[in-house]
Amino acid sequence: MQYRDYGNEGYKVSAFGMGCMRVPHVKDEHGNKIIQREEAIKMIRYAADHGVTYFDSARMYFNGDCDALLGEALAGGYREKVKVVSKIPPRFVNSEEEFNSTLDDMLKKLQTDYLDVLLTHDMNREAWDRFQQMGMYQWMEKAKQAGKIKAIGFSFHDDVELFREMVDAYPWAMAQIQMNILDVNYQATVEGMKYAASKGLAIVIMEPLRGGGLANAPASVQKIYDEYPEKRSAVEWALRFVYNFPEVSCVLSGVSTMEQLKDNIRIFEQAEPDVMSEEDLAMIGRVREEYNKLIKVPCTGCSYCIPCPKGVNIPRIFYLYNSGSMYGDYEMIKELYGFVLSANADATQCIGCGACEKKCPQHIHIIDSLPKAHEALINAGK
């Protein structure tokens, strides 16, 4: 296992961090995810025994059960050897009292006196405004002074302008961002990542496989991999691309099977920065171009089209629509669109007013595209 500096915090972490959102699980009759506890604990302990020192959880994963799983798995001497990270979204708390009670409950479930890092989670413009209005950073600082957390960070899902604004707002210890072979110019972007690293923040990468979508390359992409002289799996190329950046402290990979875990540990045995040649990067560029050919709607996720008068989450709908076409992971796509439906933010809410089209810098025919996206997402995989 390779280890890297965790920003300016004065310690190193494993280049591979185990994301616990996708540990083995089944669904009950109501569609709730239930952790397969014995196998999940076995995997977490296997990871720790084989050099993984960074474990990522969150308050909302498995309806709060993920923290309890991690606490159980790391009991018996494991906790002292690793870094434990968890998260609270601003929307989950309404007061400092509620924040403190939530944090205390998390620590109890994790069977620990402190978190190595607490993140304010899923940050976008709305969450950032709420975070600042509540004074949540000050609450986190007090928890740090009380010894309940060692460092403060944030996970991010918005554009690079907001990312820079957040980086500059407080002395964060770390930033967790989405990055993979496709998202170099999306959300925080490579530019934003380098900016945050220059400020001393640890950079933790999430979604290096785009929710698993990049693990199973479509035929046209696989052909590029197969024809390249250096032979690696689609998973290894995707992970290699992100750990190649010297700014990256840790790459989170969510694993659902022991086989996946062992493969990740193998891959990260060679996870040194700047290992990709110009030829390697050019090949990845061709892969990116091939994926982009599968995009249904040329939406960049800039979000200029929202807020919609009827609350339609246009960027999210088009993101899922494109993801379905690019990766064919229909089960995951339908599940994610279900959240959009439950929030009454789906394409059927559109009344064709055209407000979005007037603001779209890509001049997308949004009104015509939304019904097509809805039909594809509802019937995905049929």
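This text follows the structure it describes.
Residues numbered from 1 in each chain as written. Predicted model: local features only at pLDDT ≥ 70, side-chain atom pairs only at ≥ 80, totals over all residues. Heavy atoms only, no water.

Draft legend 1. Region of the structure containing the overall build of the protein. When helices and strands are counted, the protein shows 15 helices and twelve strands. Since a compact globule built from 382 residues should have a radius of gyration of about 21 Å, the 21 Å found for the protein is in line with a globular shape. The principal-axis extents of the C-alpha atoms in the protein amount to approximately 55 × 55 × 45 Å. In the protein, which comprises 382 residues, the share counted as buried stands at 52%. Across the protein, contacts joining residues at least 24 apart in sequence account for 76% of those joining residues at least 6 apart. About 17,000 Å² of surface is accessible on the protein, with carbon and sulfur atoms providing 48% of the total. (Helix = DSSP H or I, 4+ residues; strand = E, 2+ residues; numbered from the N terminus. Rg over C-alpha atoms; globule rule 2.2 N^0.38 Å. Buried < 20%, exposed > 50% of the residue type's maximum accessible area, 1.4 Å probe, protein only. Contact = heavy atoms within 4.5 Å. Areas by Shrake-Rupley, 256 points an atom, 1.4 Å probe, with all protein chains shown as cover.)

Draft legend 2. How the structure looks around the packing of aromatic side chains. By the definition in use, this model includes 19 aromatic pairs. Ring geometry for Tyr-6 versus Tyr-54: centroids 5.6 Å apart, planes at 40 degrees, classification tilted. With Tyr-6 in the loop between strand 1 (3-5) and strand 2 (12-14) and Tyr-54 in strand 6 (residues 54-56), the pair connects residues that are 48 residues apart, well separated along the chain. The class for Tyr-6 is buried, based on a relative accessible area of 0%. (Phe/Tyr/Trp six-rings, centres within 6.5 Å; stacked < 30°, edge-to-face > 60°.)

Draft legend 3. Quick peek at the sheet that holds strand 7 (residues 83-88). Sheet architecture is closed into a barrel: eight strands sit in the order 3-6-7-8-9-10-11-12, paired in parallel fashion. Pairwise comparison of adjacent strand axes, ignoring direction, gives a mean angle of 25 degrees for this sheet. Relative to strand 10 (residues 174-178), strand 9 (residues 152-156) is paired through three bridges, and the arrangement is parallel. By the bridge assignment, Gly-153 is partnered in strand 10 with Met-174. (Pairing = 2+ DSSP bridges. Axes fitted to C-alpha atoms, helices over the stretch in contact; angles between N-to-C directions.)

Draft legend 4. Here's a closer look at the packing of helix 12 (residues 314-327) against helix 15 (residues 366-378). For the pair helix 12 and helix 15, the least separation of the axes is 10 Å and the interaxial angle reads 55 degrees. Judged by the angle between their axes, helix 12 and helix 15 are oblique. Pair helix 12 / helix 15 crosses with left-handed handedness. On helix 15, the residues touching Ile-314, Ile-317, Phe-318, Leu-320 and Tyr-321 of helix 12 are Ile-366, Ser-369, Leu-370, Lys-372, Ala-373, Ala-376 and Leu-377. A per-class count over the contact of helix 12 with helix 15 returns ten nonpolar, one polar and one charged. (Parallel < 35°, antiparallel > 145°, perpendicular 65-115°, else oblique. Left-handed = near helix turned anticlockwise from the far one by under 90°. Nonpolar A, V, L, I, M, F, W, Y, C, P; charged D, E, K, R; others polar.)

Draft legend 5. View of the pairing of strand 7. With five of six residues buried, strand 7 lies mostly within the body of the structure. Here strand 6 runs beside strand 7; their pairing, made up of three bridges, is parallel. Looking across to strand 7, one finds that Asp-56 is bridged to Val-85. With helix 2 (residues 65-73) bridging strand 6 and the parallel strand 7, this β-α-β connection has right-handed handedness. In the classification by handedness, the crossover that spans strand 7, the intervening helix 3 (residues 96-110) and the parallel strand 8 (residues 117-123) is right-handed. (Right-handed = clockwise from strand over helix to strand, strands pointing away.)

Draft legend 6. Region of the structure containing the environment of Val-52. Within the secondary structure layout, Val-52 lies in the loop between helix 1 (37-49) and strand 6. The spacing of Val-52 and Gly-17 is 35 residues in sequence and 6.5 Å in space, taken between C-alpha atoms.

Draft legend 7. Region of the structure containing helix 15. Between its first and last C-alpha, helix 15 extends 18 Å over 13 residues, near the 18 Å set by a 1.5 Å rise per residue. When we look at burial in helix 15, the residues that qualify are Ile-366, Ser-369, Leu-370, Ala-373, His-374 and Leu-377. When helix 15 is viewed along its axis, its buried side chains cluster within an angular range of 140 degrees and face the same direction. (Expected span 1.5 Å × (residues − 1). Arc of directions from axis to C-beta.)

Draft legend 8. A look at the environment of Asn-94. Tracing the chain through its elements places Asn-94 in the loop between strand 7 and helix 3. Distance in space between the C-alpha atoms of Asn-94 and Thr-189 is 31 Å, their sequence separation being 95 residues. Residues within four places of Asn-94 in sequence aside, it is in contact with Arg-130, Met-134 and Trp-139. A distance of 2.7 Å separates a polar atom in the side chain of Asn-94 from a polar atom in the side chain of Arg-130. (Polar contact = N/O pair within 3.5 Å; in protein donor to acceptor, adjacent residues only side chain to side chain.)

Draft legend 9. Region of the structure containing the nonpolar core. By size, the foremost hydrophobic cluster in this structure holds 101 residues, and its most contacted members are Met-18, Phe-99, Phe-154, Trp-172, Ile-177, Tyr-225 and Tyr-291. Examining the composition of this core, we find that eight residues originate from one element, helix 9 (residues 234-243), more than from any other. Sequence-distant contacts of Tyr-225, defined by excluding residues within four places in its chain, comprise Ile-181, Ala-217, Lys-231, Ala-234, Trp-237, Met-283, Ile-284 and Val-287. Counting 23 residues, the second largest nonpolar core, distinct from the first, contains Cys-305, Leu-320, Ile-364 and Ala-373. (Core = buried A, V, L, I, M, F, W, Y, C linked by side-chain atoms within 4.5 Å.)

Draft legend 10. Up close: the state of the cysteines. A complete count under the given rule lists zero disulfides for this structure. As a non-bridged cysteine, Cys-250 has Cys-20 as the owner of its nearest cysteine sulfur, 11 Å distant. Cysteine Cys-353 is unpaired, with the sulfur of Cys-308 as its nearest cysteine sulfur at 6.0 Å. (Disulfide = S-S within 2.5 Å.)

Draft legend 11. Layout of the pattern of salt bridges. This model, assessed by the stated rule, comprises 24 salt bridges. A salt bridge links Lys-148 to Asp-104; the nearest nitrogen and oxygen atoms lie 2.8 Å apart. Residue Lys-148 is found in the loop between helix 5 (136-145) and strand 9, and its partner Asp-104 is found in helix 3; the two are separated by 44 residues along the sequence. Residue Asp-104 is classed as partly exposed on the basis of its relative accessible area, which comes to 35%. (Salt bridge = Lys/Arg side-chain N within 4 Å of Asp/Glu carboxyl O.)

Draft legend 12. Representation of the pairing of strand 12 (residues 248-254) in the model. Summarising burial for strand 12: six of the seven residues are buried, a large majority. Relative to strand 12, strand 3 (residues 16-19) runs parallel, the two being bridged by four bridges. Looking at the pairing, Gly-19 lines up with Gly-254 of strand 12. As paired strands, strand 11 (residues 202-206) and strand 12 are joined by three bridges and run parallel to one another. Opposite Ile-203, over in strand 12, you have Val-248 as the bridge partner.

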